[in-house]
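In case you want the letters, here they are:
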Amino acid sequence: MDDTILSLKTQLLEREREIAALKKKLHQMEQGNSMLTELQEKVTNLSPLISNVTLSNEDIMRYSRQLLLPELGVKGQVALSNVSVLVVGCGGLGCPLAQYLAAAGIGRLGLLDYDVVELSNLHRQVLHSEVTQGQPKALSAAQAIRRLNSTVQCVPYHLQLSRDNARQLIQQYPLMNYCSDNVPTRYLVNDACVLAGKPLVSASALRMEGQLTVYNYRGGPCYRCLFPSPPPPETVTNCSDGGVLGVVPGIMGCLQALEVLKIASGQGSSFEQQLLMFDGQEGRFRSIRLRSRQIECVVCGEKPTLTELQDYEQFCGSAATDKCRRLTLLTKEQRVSVQEYRAILDGSTPHLLLDVRPKVEVDICHLSTSINIPLASLEDKKAEHITLLKETISNLRQQTKSQVPVFVVCKLGNDSQKAVQLLEKMSGVETEQITVKDISGGLMAWAKNIDHSFPQY
Ligand SMILES: Nc1ncnc2c1ncn2[C@@H]1O[C@H](COP(=O)(O)OP(=O)(O)OP(=O)(O)O)[C@@H](O)[C@H]1O
Ligand SMILES: [Zn+2]
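Residues numbered from 1 in each chain as written. Chains lettered and ligands numbered in written order. Predicted model: local features only at pLDDT ≥ 70, side-chain atom pairs only at ≥ 80, totals over all residues.

As for the site of ligand 1
Line of reasoning, step 1. Of all residues adjacent to ligand 1, which total 24 residues, the nearest are G89, G91, G92, D115 and D181.
Line of reasoning, step 2. Classifying every residue of the shell around ligand 1 gives six nonpolar, 13 polar and five charged. (Near = placed C-beta within 6 Å. Nonpolar A, V, L, I, M, F, W, Y, C, P; charged D, E, K, R; others polar.)

So this is what it looks like as structure tokens:
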């Protein structure tokens with residue numbers, strides 16, 4: 001029994017020694033930990049001071065309200081001041097984007113646009129003004145940016161982005177923005193970004209709607225992955241055709257600025273495979289998931305066949321500007337110039353002048369002898385419009401006793417050509433009773449060449 005007690009006592013002593021040793025170890029570890037915590041605290045306290053080196057007192061005051069955001073902080077602000085961003089297009093999207101990037105303290109801002117400021121730009125292109133009308137947009141925007149924040153290095157490029165200069169320009173900027181308005185430039189910027197491995201923050205706005213995506217970012221798709229081939233040129237509507245409420249590109253440009261600031265300050269963007277859609281009429285934002293990067297994509301896929309920039313105007317079948325978007329759907333014989341139409345008016349030849357613009361445009365201005373049937377109504381064969389057309393033709397036929405000349409007009413001479421094609425084969429209209437031609441260049445050519453008092457829009 002004594003032996004058993006002795007053995008138990010010995011075991012107890014051993015356990016007590018082990019416990020003491022463990023306690024000692026624990027104590028040492030705790031001490032080490034607290035030293036580590038102390039060290040960490042010291043580092044945390046020191047790190048703003050370390051990164052402060054690049055922020056002046058004036059910077060701290062200027063950016064104080066955003067420096068207070070834990071998501072940005074000094075580290076993010078310093079990152080912003082070290083980043084270079086290129087804005088392609090200083091129009092409705094590019095202006096608000098550049099304005100907020102400059103205000104937030106982006107280091108270097110490239111502002112690229114080939115065009116000059118026009119009066120019709122001012123309702124949405126908020127960096128330009130009445131006094132900079134006629135000046136290159138890139139310079140006008142740079143002037144406004146310098147007034148806002150002289151610490152931003154602002155580089156204006158008054159030129160057209162093309163296959164010849166795109167790669168060299170994009171190479172200088174780690175972050176790209178698409179703010180332009182035509183399909184060839186969209187493909188050009190996409191391809192140049194993929195080839196240079198740069199993310200592309202892209203937006204668009206038309207009428208009351210806008211869209212935003214970040215292409216070629218964190219393994220997400222590029223523009224070509226989603227749209228391998230361009231849309232037919234005649235299906236593309238731009239702001240000068242479809243109209244736009246200025247604040248809509250304003251909102252989309254600001255959203256672009258937000259994504260740029262997040263990416264540049266290291267917060268990242270969640271739009272690498274998402275399309276944000278804004279409906280200004282409904283006041284609603286929706287986000288849809290896009291298809292992923294396509295392995296067969298010709299530019300970013302596994303076996304890319306497009307390794308150099310191509311001829312984008314040829315690829316898209318349209319010009320890389322929206323200025324001279326002129327369709328040629330008819331033969332010469334099916335068209336008259338504004339001068340020829342003027343002679344017809346002067347000769348008082350009985351005819352029908354059919355204005356195929358939407359009613360909102362007719363309300364802006366029209367020729368007094370015209371009747372209005374919008375192209376969309378002709379396409380839909382709206383009963384009341386077809387009746388109006390038939391009745392007018394039959395009245396005129398009583399005067400002419402022969403085929404009635406019908407002249408179709410629109411703003412620029414694109415929709416009028418589509419209307420001629422439509423009328424020539426339209427059932428319900430006695431097509432053998434009429435000859436149909438369009439007025440080349442439309443009412444804007446009329447305003448420029450015939451009647452200078454006619455409004456341009
Ligand atoms: N390849 C390009 N290189 C440089 N700038 C471009 C290029 N393509 C388009 N742009 C510019 O992008 C801008 C797009 O702006 P926005 O869509 O607001 O249209 P806009 O052409 O100014 O106006 P509107 O269509 O009303 O005449 C324009 O200023 C245009 O000059
Ligand atoms: Zn792709």
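So much for the structure itself; the text now carries on.
Considerations on helix α5 (residues 94-104)
Line of reasoning, step 1. Among the 11 residues of α5, nine are classified as buried, and the element is accordingly described as predominantly covered.
Line of reasoning, step 2. Backbone geometry just downstream of α5 places G105 in the positive-phi region, at approximately 95°. (Buried ≥ 20, exposed ≤ 12 C-beta atoms within 10 Å, placed from the backbone. Helix = DSSP H or I, 4+ residues; strand = E, 2+ residues; numbered from the N terminus.)

Structural notes on unusual backbone geometry
Line of reasoning, step 1. One non-glycine residue, N216, adopts positive backbone phi at about 55°.
Line of reasoning, step 2. Checked against the element boundaries, N216 lands in the loop between β6 (209-215) and α9 (223-226).
Line of reasoning, step 3. Backbone geometry places K401, a non-glycine residue, at a positive phi of 55°.
Line of reasoning, step 4. Looking at where K401 falls in the secondary structure, it is placed in the loop between α16 (383-400) and β12 (404-409).

Structural notes on the packing of α5 against helix α11 (residues 247-264)
Geometry of a packed helix pair, given as the angle between the helix axes and the separation of the axes.
Line of reasoning, step 1. Packing of α5 against α11 brings their axes to within 7 Å, and their N-to-C directions diverge by 40°. As judged from the angle between their axes, α5 and α11 are oblique. The crossing of α5 and α11 is right-handed. Facing G94, C95, P96, L97, Y100, L101 and A104 of α5, the residues of α11 in contact are G250, G253, C254, Q256, A257, V260 and L261.
Line of reasoning, step 2. A breakdown of the residues in the contact of α5 with α11 according to their chemical character gives 10 nonpolar, four polar and no charged. (Axes fitted to C-alpha atoms, helices over the stretch in contact; angles between N-to-C directions. Parallel < 35°, antiparallel > 145°, perpendicular 65-115°, else oblique. Left-handed = near helix turned anticlockwise from the far one by under 90°. Contact = placed C-beta atoms within 7 Å.)

Quick notes on the sheet that holds strand β3 (residues 153-157)
Line of reasoning, step 1. Read from one edge of the open sheet, eight strands run β3-β2-β1-β4-β5-β6-β7-β8, paired in mixed fashion. The open sheet has two edge strands, β3 and β8 (284-289), and neither has a second partner. Within this sheet the neighbouring strands show an average axis-to-axis angle of 15°, counted without direction.
Line of reasoning, step 2. Where helix α6 (residues 137-148) meets the sheet, it contacts β2 (108-112) and β3, and its direction lies at approximately 170° from that of β3. (Pairing = 2+ DSSP bridges.)

Concerning the packing of α5 against α6
Line of reasoning, step 1. Closest axis-to-axis distance for the α5/α6 pair is 9 Å, and the angle between their directions is 30°. On the basis of their axis angle, the class for α5 and α6 is roughly parallel. For the element pair α5 and α6, the recorded crossing hand is right-handed. The residues of α6 that touch α5, namely those facing C95, A98, Q99, A102 and A103, are A141, I145 and L148.
Line of reasoning, step 2. Its residues assigned to classes, the contact of α5 with α6 comprises seven nonpolar, one polar and no charged.

Examining the sheet that holds β12
Line of reasoning, step 1. What the five strands build is an open sheet, ordered β9-β13-β12-β10-β11; its pairing is parallel. Because the sheet does not close on itself, it has two edges, and the strands there are β9 (335-336) and β11 (370-372).
Line of reasoning, step 2. Here two bridges tie β9 to strand β13 (residues 434-439), and the two strands are oriented parallel to one another. Looking at the pairing, R335 lines up with D438 of β13.
Line of reasoning, step 3. Those strands touched by α16 are β10 (352-355), β11, β12 and β13, and its axis lies near 135° from that of β12.

Quick notes on the nonpolar core
Line of reasoning, step 1. Residues V87, A98, L109 and L111 are the most contacted members of the largest nonpolar core, which totals 74 residues.
Line of reasoning, step 2. Sequence-distant contacts of A98, defined by excluding residues within four places in its chain, comprise V87, C90, L109, L111, L127, A141 and I145. (Core = buried A, V, L, I, M, F, W, Y, C linked by C-beta atoms within 7 Å.)

Brief notes about the environment of V436
Line of reasoning, step 1. When you line up the elements, V436 lands in strand β13.
Line of reasoning, step 2. A residue is classified by how many C-beta atoms lie within 10 Å of it, and V436, with 24 of them, is buried.
Line of reasoning, step 3. Sequence separation between V436 and I386 is 50 residues; the distance between their C-alpha atoms is 15 Å.
Line of reasoning, step 4. In contact with V436, other than residues within four places in its own chain, are V406, V408, V420, L423 and E424.

Let's talk about the UniProt feature "active site" (unreviewed entry) in the protein chain
Line of reasoning, step 1. Within this structure's numbering, the places UniProt gives as "active site" (unreviewed entry) are C239 and C410.
Line of reasoning, step 2. Take C239: it is sitting in helix α10 (residues 239-242).
Line of reasoning, step 3. Judged by C-beta crowding, with 20 C-beta atoms within 10 Å, C239 ranks as buried.
Line of reasoning, step 4. With near-sequence residues (within four places) excluded, C239 lies in contact with G92, D181, L206 and V244.
Line of reasoning, step 5. C-beta crowding within 10 Å serves as the criterion here: with 26 such atoms nearby, C410 is assigned to the buried category.
Line of reasoning, step 6. Excluding residues that lie within four positions of it along the chain, C410 makes contacts with V356, R357, D415, S416 and G442. (UniProt positions renumbered as here; feature names shortened; annotations may be inferred.)

Some points on the pairing of β2
Line of reasoning, step 1. Of all five residues in β2, four are buried, a share of seventy percent or more.
Line of reasoning, step 2. Bridge count between strand β1 (residues 84-88) and β2: five bridges; the pairing is parallel. Note on β2: the bridge partner recorded for V85 is L109.
Line of reasoning, step 3. Of the crossover connections in this fold, the one passing from β1 over α5 to the parallel β2 is right-handed.
Line of reasoning, step 4. As judged from the five bridges shared by β2 and β3, these two strands associate in the parallel manner. Across the sheet, the residue bridging to L109 is C154, located in β3.
Line of reasoning, step 5. Note that the unit made of β2, α6 and β3 has a crossover that is right-handed. (Right-handed = clockwise from strand over helix to strand, strands pointing away.)

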